[in-house]
Amino acid sequence: MGILNDLNEKGSFSYASGLDFEYVVLQVTLKEKLIGTGSKNLTELEKVINDQAKKGYRLHTISTASAGSSGLMGGDRIQATMVFEKAKEK
């Protein structure tokens, strides 16, 4: 998908906790409907989460930022940033 990073890339590692964890950070842009409320592509967000779960990652943190759109088709945009973690096998 055009808005997703390469999901096959390796994440970075953190050793601060004394345990080895691997992290992956991904962003998905959710487009709000022109009329009414609700996102048109929540299934895309769900797919990203499920794809990472299949790779052994769990969703650690999610944050969102929103911005209005003044374009012809209108509708707000919500940028979801997700951090996934997986304990590194030793």
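Since we're looking at a predicted model, the values are computed, not measured. (Residues numbered from 1 in each chain as written. Predicted model: local features only at pLDDT ≥ 70, side-chain atom pairs only at ≥ 80, totals over all residues. Heavy atoms only, no water.)

A. View of the overall build of the chain. If you tally the helices and strands in the chain, you get one helix and four strands. Taken from the N to the C terminus, the helices and strands of the chain come in the order β-β-α-β-β. Every one of the 90 residues in the chain was classed for burial, and the buried ones make up 30%. Restricting to contacts in the chain with at least 6 residues of sequence separation, those with at least 24 account for 60%. (Helix = DSSP H or I, 4+ residues; strand = E, 2+ residues; numbered from the N terminus. Buried < 20%, exposed > 50% of the residue type's maximum accessible area, 1.4 Å probe, protein only. Contact = heavy atoms within 4.5 Å.)

B. Here's a closer look at the pairing of strand S2 (residues 21-31). Here S2 lies mainly inside the structure; eight of its 11 residues are buried. Pairing between S2 and strand S4 (residues 77-87): 11 bridges, direction antiparallel. Residue pairing for S4: glutamate 22 is matched across the bridge by lysine 86. (Pairing = 2+ DSSP bridges.)

C. Expanded view of the side chain of glutamate 22. Take glutamate 22: it is sitting in strand S2. For glutamate 22, which is buried and forms no salt bridge, the nearest opposite charge comes from lysine 86, at a distance of 4.2 Å. Among the polar contacts listed, one links the side chain of glutamate 22 to the side chain of tyrosine 57, at a separation of 3.0 Å. (Lys, Arg positive; Asp, Glu negative; His and termini not counted. Salt bridge = Lys/Arg side-chain N within 4 Å of Asp/Glu carboxyl O. Polar contact = N/O pair within 3.5 Å; in protein donor to acceptor, adjacent residues only side chain to side chain.)

D. Structural context of the environment of arginine 58. With respect to the secondary-structure elements, arginine 58 resides in strand S3 (residues 58-67). Residues arginine 58 and tyrosine 23, 35 residues apart in the sequence, show an inter-C-alpha distance of 9.5 Å. Those residues in contact with arginine 58, other than ones at most four positions away along the chain, are Val83, Phe84 and Glu85. Within the local environment of arginine 58, its side chain forms a polar contact with the side chain of glutamate 85, the two groups lying 2.6 Å apart.

E. A look at the confidence of the model for the chain. Mean pLDDT for the chain: 76, with 59% of residues reaching 70 or above. The low-confidence segment residues 1-9 (pLDDT under 50) makes 17 contacts with residues lying over four places distant or belonging to another chain. (pLDDT = per-residue confidence, 0-100.)

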